[in-house]
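Understanding the architecture of this molecule
Read off the chains here:
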Amino acid sequence: MAQKVSNARLVKVTLLALWFTLKNLFRKPVTVQYPIVKRPIPERWRGGTFALTTDKETEEENCIGCKLCEKICPSGVIAVEMEKHGGRGWAKSFILDLQGCLQCELCVQVCPTDAIVMLYGMEAPVTRREDLILDKEKLMANEGLYQAAWATGLKLQNLHEPKK
Amino acid sequence: MTSTENIAQGIILLGAILLIVTYLTWLERKFAARLQSRIGPYWVGRPHGWLQPIADALKLLIKEDITPSKSDRFLFNLAPVWVVVTSLLGFAFLPLTASWVLVNIDLGLLYFSAIGSLIVIGIFIAGWASNNKYALISALRAAAQVVAYEVPLLLSLLVPAVFAGSLDFQDIIRAQDGHWFILFPVVGQISFLTFLLAALAEGNRIPFDLSEAESELVAGFNVEYSGMKFAYFYLAEYVHLLAASLLVSILFLGGPLGPFFSGGVWVAIKTLLVFLGVLWIRWSFLRVRIDQLMMLNWKVLTPLTLVNLLLAGLWVSLNG
Amino acid sequence: MGTSVDEKKPRLGLETLGELIRLPGLNVFLTSTKELFSWAEKSSLWPLSFGLACCAIEMMATFASRFDLDRFGVIARASPRQSDLMIIAGTVTIKMAERIKKLYNQMPFPKWVIAAGSCAISGDHYRHIYSVVPGVDWVIPVDVYVSGCPPTPEAFMEGIIRLQRIITEGKTKPHLNTAYNKIEQETLKAKPQKTLDIPKTGTYILPGEVPAFARDLRERGFDFLTYITAVDYVDTLDVAYNVRSLENNEEQTWKVSLEPSNPIVPSITSMYKGAEWHEREAYDLFGIDFTGHPDLRRILLPDDWQGYPLKKSYLMDTPKPPYRPSRKEYEAWKKE
Amino acid sequence: MEERVIEREFGEFALNMGPQHPSTHGVFRLELHLRGETVVKVIPHIGYLHRGVEKLSETLDYDILPPVYERDDYLSPTANSLAFVLAVEKLAGIEVPKRASYLRVLVAELQRVTSHLVWLGTFGLDLGGALGGGSTLFLYCFREREKILDLLEALTGTRFHTNMNQIGGVRYDVYASFDGDLSQTIGYLKKRISEYKDMLENNPVFLKRTKGVGVVRPELAKEVGASGPVLRGSGVAYDIRKNKPYSDYTEFEFRIPVGRNGDAYDRYRVRLEEMFESLSIIHQVMEGLPEGPIHSRKPVKIALLLKPPKGEAYAAVESPRGELGVFIVSDGSSKPYRVKVRSPSFSNIALIPYILPGHLIADAVAILGSLDPVFGDVDR
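All of these numbers come straight from a predicted model, not from anything done at the bench.

Before going further, it helps to spend a moment on the interface of chain D and chain C. Contacts between the two partners involve 69 residues from chain D, matched on the other side by 80 residues from chain C. When the two sides are added together, the surface that chain D and chain C hide from each other amounts to roughly 6600 Å², 61% of it contributed by carbon and sulfur. When the buried area of chain D at its contact with chain C is split by residue, K55(D), E223(D) and Y337(D) rank highest and sum to 12% of it. On inspection of chain D and its partner chain C, the count reaches 13 salt bridges. Salt-bridge contacts for R159(D) lead to E58(C); the nearest nitrogen and oxygen are separated by 2.6 Å. Counting across the interface, chain D meets chain C through 33 residue pairs in polar contact (both at pLDDT 80 or more). If you tally residues by element for the side of chain D that touches chain C, the top one is helix α5 (residues 133–156) of chain D, at six residues. Considering only residue class, the side of chain D that touches chain C consists of 33 nonpolar, 14 polar and 22 charged.

Residue and element names in this part refer to chain C. On average, chain C scores 79 in pLDDT, and the residues at 70 or more come to 80%. Per-residue pLDDT stays below 50 along residues 1–13; that stretch engages in 27 contacts with residues further than four places along the chain or on separate chains. Contacts of residues 178–192 to residues separated by more than four positions or lying in other chains number 27 contacts, the stretch itself having pLDDT below 50.

Attention shifts here to the pattern of salt bridges. Counted by the stated rule, this structure contains 74 salt bridges over all chains. Here D150(D) makes a salt bridge to R39(A), at a shortest N to O gap of 3.9 Å. Residue D150(D) is located in helix α5, and its partner R39(A) is located in the loop between α1 (7–26) and β1 (50–52); the two belong to separate chains. Using a relative accessible area of 6% as the deciding quantity, one classes R39(A) as buried. Note that K222(D) and E247(C) form a salt bridge whose closest N and O atoms lie 3.0 Å from each other. Here K222(D) is found in helix α8 (residues 218–224), whereas its partner E247(C) is found in the loop between β8 (237–245) and β9 (250–258) on a different chain. A network of salt bridges, in which partner residues are shared, links R39(A), E58(C), R66(C), E154(C), E146(D), D150(D), E153(D) and R159(D).

Under the domain assignment used here, chain C contains domain 1 (14–182) and domain 2 (204–291). One C-alpha centre belongs to domain 1 of chain C, the other to domain 2 of chain C, and the line joining them spans 47 Å.

Attention shifts here to the state of the cysteines. Residues and elements named next belong to chain A. Applying the stated criterion across every chain yields a total of zero disulfides over all chains. Here C66 is not cross-linked by a disulfide; its sulfur's nearest cysteine counterpart is in C111, at 6.1 Å. Here C104 stays free of any disulfide, with the sulfur of C73 as its closest cysteine sulfur at 6.2 Å. Of the residues examined, C104 reaches a relative accessible area of 8% and is grouped as buried.

What follows deals with the packing of aromatic side chains. As enumerated under the stated definition, the model contains 36 aromatic pairs over all chains in all. Ring centres 5.7 Å apart and planes at 85° place the aromatic pair F163(B) and W315(B) in the edge-to-face group. Linking F163(B) in helix α6 (residues 133–164) with W315(B) in helix α11 (residues 290–318), this pair joins segments that are 152 residues apart in sequence. Relative accessible area serves as the criterion here: at 38%, W315(B) is assigned to the partly exposed category. On the numbers, 5.0 Å between centres and 15° between planes, the contact of Y69(D) with F84(D) is stacked. A residue pair is termed long-range when its members are at least 10 positions apart, and Y69(D) in helix α2 (residues 65–70) and F84(D) in helix α3 (residues 77–92) qualify at 15 residues. You'll find Y69(D) and F84(D) in the same group, each marked buried. Feature note: the residues Y102(D), Y246(D), Y249(D), F252(D) and F254(D) constitute an aromatic cluster, connected by ring pairs. Taking the ring centre of Y354(D) as reference, the NZ or CZ of K273(C) above it sits at 5.5 Å. The residue whose ring lies beneath R380(D) is F346(D), and the NZ or CZ to ring-centre distance is 5.3 Å.

Moving on to the sheet that holds strand β7 (residues 224–232) of chain C. Residues and elements named next belong to chain C. The strand order across the open sheet formed by four strands is β6-β9-β8-β7, and the pairing between neighbours is mixed. The strands lining the two open edges of the sheet, one partner per strand, are β6 (203–205) and β7. Taken pair by pair, the neighbouring strands of this sheet meet at an average axis angle of 25°, ignoring direction. The pairing of β7 with β8 spans eight bridges and is antiparallel. Bridging across to β8, D232 finds its partner in L237. Each of β6, β8 and β9 is contacted by helix α6 (residues 210–219), which is oriented at about 175° to β9, the strand it contacts most. Packed on one face of the sheet, helix α7 (residues 275–286) meets β7 and β8 and runs near 10° to β7.

What follows deals with the side chain of K111(C). Counting through the fold element by element, K111(C) comes out in the loop between α3 (94–106) and β4 (112–116). Although buried, K111(C) forms no salt bridge, and the nearest oppositely charged side chain, E64(B), lies 6.0 Å from it. Among the polar contacts listed, one links the side chain of K111(C) to the backbone oxygen of Y104(C), at a separation of 2.8 Å. Here M107(C) takes part through its backbone oxygen, which lies 3.0 Å from a polar atom of the side chain of K111(C). Excluding its chain neighbours within four sequence positions, the residues that come into contact with K111(C) are D84(C), Y104(C), N105(C) and D143(C).

Turning to the interface of chain C and chain B, a few remarks are in order. By a frequent convention, interface size equals the accessible area lost on bringing the separate parts together. On the side of chain B, 35 residues touch chain C, which itself brings 35 residues to the contact. Here chain C packs against chain B, burying approximately 3000 Å² in sum over the two surfaces, 59% of which is carbon and sulfur. Counting across the chain C and chain B interface gives six salt bridges. Of the charged contacts, one joins K63(B) and D84(C) as a salt bridge, the two residues approaching to 3.7 Å between their closest N and O atoms. Here chain C is connected to chain B by 18 residue pairs in polar contact (both at pLDDT 80 or more). For the side of chain C that touches chain B, the per-class residue count stands at 17 nonpolar, nine polar and nine charged.

Residue and element names in this part refer to chain C. Taken together, the three strands give an open sheet; going across it, the order is β3-β4-β5, and neighbouring strands pair in parallel fashion. Both outer strands of the open sheet, β3 (85–89) and β5 (144–146), are each paired with one neighbouring strand and no more. Pairwise comparison of adjacent strand axes, ignoring direction, gives a mean angle of 20° for this sheet. Both β4 and β5 contribute to a ladder of three bridges, which runs parallel. Directly across from I114, in β5, lies its bridge partner V144.

Together, V186(B), V307(B), L310(B), L311(B) and L314(B) make up an exposed nonpolar region whose accessible area comes to about 460 Å². Within the element layout of this structure, L311(B) appears in helix α11.

Attention shifts here to unusual backbone geometry. Cis rather than trans, the peptide bond between F109(C) and P110(C) has omega equal to -20°. Position of P110(C) among the secondary structure elements: in the loop between α3 and β4. Along the chain, C149(C) connects to P150(C) via a cis peptide bond; the corresponding omega equals -10°. Tracing the chain through its elements places P150(C) in the loop between β5 and α5 (153–169). The backbone phi angle of K67(A) is positive, close to 65°, even though this residue is not glycine. By the element assignment, K67(A) lies in the loop between β1 and α2 (68–72). Overall, the relative accessible area of 29% leaves K67(A) in the partly exposed class. One non-glycine residue, D124(C), adopts positive backbone phi at about 50°.

About the criteria used
- Residues numbered from 1 in each chain as written.
- Chains lettered and ligands numbered in written order.
- Predicted model: local features only at pLDDT ≥ 70, side-chain atom pairs only at ≥ 80, totals over all residues.
- Heavy atoms only, no water.
- Contact = heavy atoms within 4.5 Å.
- Buried area = accessible area lost by both parts, 1.4 Å probe.
- Salt bridge = Lys/Arg side-chain N within 4 Å of Asp/Glu carboxyl O.
- Polar contact = N/O pair within 3.5 Å; in protein donor to acceptor, adjacent residues only side chain to side chain.
- Helix = DSSP H or I, 4+ residues; strand = E, 2+ residues; numbered from the N terminus.
- Nonpolar A, V, L, I, M, F, W, Y, C, P; charged D, E, K, R; others polar.
- pLDDT = per-residue confidence, 0-100.
- Buried < 20%, exposed > 50% of the residue type's maximum accessible area, 1.4 Å probe, protein only.
- Domains from an automatic or database assignment.
- Disulfide = S-S within 2.5 Å.
- Phe/Tyr/Trp six-rings, centres within 6.5 Å; stacked < 30°, edge-to-face > 60°.
- Lys NZ or Arg CZ within 6 Å of the ring centre and 35° of its normal.
- Pairing = 2+ DSSP bridges.
- Axes fitted to C-alpha atoms, helices over the stretch in contact; angles between N-to-C directions.
- Lys, Arg positive; Asp, Glu negative; His and termini not counted.
- Patch = residues over 30% accessible without salt bridge, like charges linked within 9 Å, V, L, I, M, F, W, Y side chains within 5 Å.
- Areas by Shrake-Rupley, 256 points an atom, 1.4 Å probe, with all protein chains shown as cover.

In structure tokens form, the structure reads like this:
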């Protein structure tokens, strides 16, 4: 039932297949030498870990503990406790469980005060599962570690509905 | 040569072959990587992974050696040894340089083809003893394939013997002086190609690697083998391939004969080129199905080699 | 994420093997078998080619030309006997858990496990689902966790480099989640089911008429079966059918409402071969009995599963020991 | 070869192509009853990746679900979220700006090409094995796929779970130099894919392994509900983008490739032609991209706000594997009451017990590869 392939074409075609792989022998390899050479990360890259930003002028943390990100998170890994003093809300404790995070950037989009932001550096692999639970101190410390990513709540929202 | 000298040379030859073969695995991974536009082993020995084969061999040495409880213990452990020994035997009679051969007998070709068929018994024992359905199917496939391809292998081997008029490697090399057997108008090329195809099928190499078909039979007959036993199979495959490419370079490409290099260097260059050719075929063809393999053998290769042998005989008898 | 391998210093690759003492005229190389062995194990890690879900696609991309794990001496082997690393890439379900444990036991010692992706680490957003194991370290001990969904190829390579460093330091302390194996069967509070007045649109027919209706449609040229599904309206259990005729591009949907205590409807596998699997799924997830079905058994869940998950009365997080921490323990442990 | 098959329970030689097998494209167990090498009977077992998405979506709000649905069919994630989003928009009557539906078509077609490239690569692995010629084809296809993944990463931030579609529009707009990158990638891909076409189309081993293997008659395909390249490979010209157009597909002209005798080779030809069609659609989208907003609703703040009216809706999308439909029943609250995903691979592999008997094991692997199942999609 196999269809008969004429012999002359057979020879031409096997040479074609061989020539096809030979062509790649002389092309430059495409490999990125990872530990030495890093692949250029695009501007909107969102594969990194998280940070809680602090306001540049007033040196206060931006997060007002409004729990919007906790409600929007598909896998429910954000747990925020709010406390009120000094006329505005603060996040008493902010736990982001990186074990179950989808990296879908909905929390960054929802945040009214650009508090939670993704970074250009990714979380290093860990040997203990509990190290992936980022509590408030770690999130605040992360901000200095890597450069903040492009996406902030404000930018995503006006991309979403450009102010006239 | 006295017997003690012979044994010493034998041991040196064994060590040399095993070292060459480990570095052939490195060459294969680098060459395959370049074909697929990537970089092969790089980090293990700093410049281009020169320590990679040593690491692989050492790791396989340290690995825990599992013998499945329900498998036939004696046969299971015999198979890898059998396969390595039979594939190494071939080197005893192949002339590696113009003058030097370990054991000089005048029926070298006949001896080599006899050894070639012993390997499949090892593979069959491995497949049978590891009491695993995949291994059983692969063992049956290997037996069918190697026995079938024995016929075109022998017939295409005889053509150089007919041209040189003897089965001894030295005479074959002398007969090729100035006129390699591959350069014969029609007969040479056909026997070279059929011998190469049959050697590929004999060594279970792509496009005929049906017995350790990755995508169908997981890992073929060495499914149950781990650690050093698996290393034996892995090694035996390359040793067999090296022997086949060495044979090709001697029978068809005039072995040690060559303009300005000495004999041994020419043999090495030609074998390396044939080995790279086999690798090149390996990494650019898909696998043939079992019935097509058999159909190709009985309907195409065997009649072709028979006619080829007839032509060679006629040619020799015509002009003496 | 500093670069873990400093590339400035040119070396002969012997750096982790031991140290090279350069005496005048003589180079002595000192190493211990432990260092040598761990170097060999580190630099030829053969993973089992075994992928579950989206992380497997990213793992394949990491093996491919652009990121090329072959540079670290990593080749994917097909049989567990020859591999010494298992990369769990994807969601671990209960039906797959036994297989993973069996594969892990088939691998020869020394072996390591990388849990790649949030699904393998903690079950991701599926962790409260009845059929998902919340994290692969319930099943096999895990050495390195690589976060991300899916982790970028750089994260995979970082995970392998991290595992290589662990092997050379020699302290591989795999983490098996045994703390939670003592789970008491905690029955979650069933939410009160209020009957909802959802308008029931579409043509409703009696269960008995289904085969005749389907055969008549089949004659009229509706030969493409789109789907058969069920909806649990608490007071009734509806089965929705959707068939199409591809030539004149028409669609015909009809429904049957059955009473929930013993839902029985005749099967239409004699008219549509495709109905066999759809009906088995409806049986598996809703408990609807299709009379006349060639072999009505569970298709998605393991055969010994109790209960029908998609019914409203079946709670999402019905614990199935030993793979489910009770909610109390899970919350307590998360806050830790 | 229609000799009488004696129905014996494990009389023949039962081989388990178990959940972990190099060529089952994921977690899928095939119980093959063999006589020698020919397959006599097949019992497929699925469900090894059943993650209960339908049960999960009864506890999450509408706006949260698109990223969850993208994890279903992980070779073309935006097809799932597009189907879900279209169903909710049909239910709640939300209209979508033209620019947003153009961008949705753009990302859907880009992911169709990546999905077909992954299929071509793993099909090469099935036919050639991981340590041979097959892996060369696999690595070339993944090298080409990286180009598109870079584009998607630049546009949306991640390589394939893009979370691009949201109810009422799209989350990311095209950045400045996107046009240049895109046309350069399309040119590169067209050249490379036609290179594979020549290499494979007359490669004798490939032809022998796929021609006449796994023939699916059109009636069987329709009856079992197979769709997409499997159905079109058997000669039925049915494509949701043409027959039930959605998201402005009517504004692009493209041809529907249809096979003739429904074997593995025709399915390969259909998928290859579809890649070229998708590239031309992407080109047309980029030319005709209208100005205007990319979203018709207020930015999402709290997911509780969207409460579609009571009722039910079904919307289908042409995913690379076939008709991917989402059937939603809503009870007026912000969480769907019941969501059924009509997955194309579920029906495509339901063909296996009918077309596999009579073939060899090597063909069984080739046929399974030609059906292109994705097991997140099958087991949901």
